[in-house]
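Listed below are the residues making up each chain.
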Amino acid sequence: QVQLVESGGGLVQPGGSLRLSCVASMDIFSFESMGWYRQAPGKQRELVAVITRGVRNYADSVKDRFTISRDSANNTVTLQMNSLRPEDTAVYSCNAVFGGNGDIFWGQGTRVTVSS
């Protein structure tokens, strides 16, 4: 069973930065895609950023502020979040799609709160 373990959430003031990490229990190049989703209170889960076959895509709301990257040596995908806004407050979850059979895996989520 694939495990995805997130870390790095917390409370930050508007304009601040946080770095989220997602460590996979297997080689991340086994996954067709890996990304981050978020769900704010009372809202549907939405895609934040994803790497699919090496191509990065971002939600319009986070472009130029967030950066997704991967570290194959440590089986880690990170999300660097800069210029955070109150509307970025949400539970952020790591997602991976296995390249072999398309199975989808989720981490447990990490909470990000942007507030003064």
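Our structure is the block above this text.
Note that the structure is predicted; figures quoted are calculated from it, not measured.

Q: Explain the state of the cysteines to me, please; I cannot follow it from the model alone.
A: Covalent bonding between the sulfur atoms of two cysteines is what defines a disulfide. All chains considered together, the criterion is met by one disulfide. Here Cys 22 pairs with Cys 94 through a disulfide, and the sulfurs are 2.1 Å apart. Sign of the S-S torsion, about -80 degrees for the bond between Cys 22 and Cys 94, identifies this disulfide as left-handed. Separated by 72 residues along the polypeptide, Cys 22 in strand 3 (residues 18-24) and Cys 94 in strand 9 (residues 90-98) bring together distant segments of the chain.

Q: Help me out: how do you make sense of the packing of aromatic side chains in this one?
A: Applying the stated rule across the entire model yields two aromatic pairs. Seen in terms of ring centroids, Tyr 37 and Trp 106 are 5.1 Å apart; in terms of plane orientation they differ by 70 degrees. Their pairing is edge-to-face. Of this pair, Tyr 37 sits in strand 4 (residues 31-39) while Trp 106 sits in strand 10 (residues 104-106), and the two are 69 residues apart along the sequence. By relative accessible area, which is 34% here, Trp 106 ends up partly exposed.

Q: Sorry if this is basic, but what is going on with the nonpolar core here?
A: Among soluble globular proteins, nonpolar side chains are generally buried collectively. The biggest cluster of nonpolar side chains holds 30 residues, and the ones touching the most others in it are Leu 4, Met 34, Trp 36, Leu 79, Met 81 and Tyr 92. Setting aside anything within four residues of it in sequence, one finds Tyr 92 in contact with Glu 6, Leu 20, Trp 36, Tyr 37, Arg 38, Val 48, Phe 66, Leu 79, Met 81, Gly 109, Thr 110 and Val 112.

Q: I'm lost on the pairing of strand 11 (residues 110-114) in this one. Help?
A: In the case of a regular strand, side chains alternate between the two sheet surfaces. The two faces of strand 11 differ: Thr 110, Val 112 and Val 114 on one face are buried, but Arg 111 and Thr 113 on the other face are not. Note that strand 9 and strand 11 share three bridges and pair antiparallel. The residue of strand 11 that forms the bridge with Ala 90 is Val 112.

Cut-offs and rules
Counting of residues starts from 1 at the beginning of each chain's written sequence and follows it residue by residue. The predicted origin of the model limits local features to residues at a pLDDT of at least 70 and limits the giving and counting of side-chain atom pairs to 80 or more, whereas totals for whole chains, interfaces and linings rest on all residues. Side-chain descriptors were evaluated using all non-hydrogen atoms of the structure, hydrogens and water having been removed beforehand. Only a pair of cysteine sulfur atoms within 2.5 Å counts as a disulfide in this structure description. In this text, helices come from DSSP runs of H or I with a minimum length of four residues, and strands from runs of E with a minimum of two, each type numbered from the N-terminal end. Any two rings among Phe, Tyr and Trp, with Trp reduced to its six-membered ring, count as a pair given centres within 6.5 Å; such a pair is stacked if its planes are under 30 degrees apart, edge-to-face if over 60, and tilted if neither. Residue exposure (1.4 Å probe, protein chains only): buried if accessible area is under 20% of the type maximum, exposed if over 50%, otherwise partly exposed. Here, nonpolar core means buried Ala, Val, Leu, Ile, Met, Phe, Trp, Tyr and Cys residues that are tied together by side-chain atoms lying within 4.5 Å of each other. Contact criterion: two residues are considered in contact whenever any of their non-hydrogen atoms come within 4.5 Å of each other. Pairing between strands is defined by DSSP: at least two bridges between them are needed.

Any functional reading would require information beyond the geometric quantities listed.
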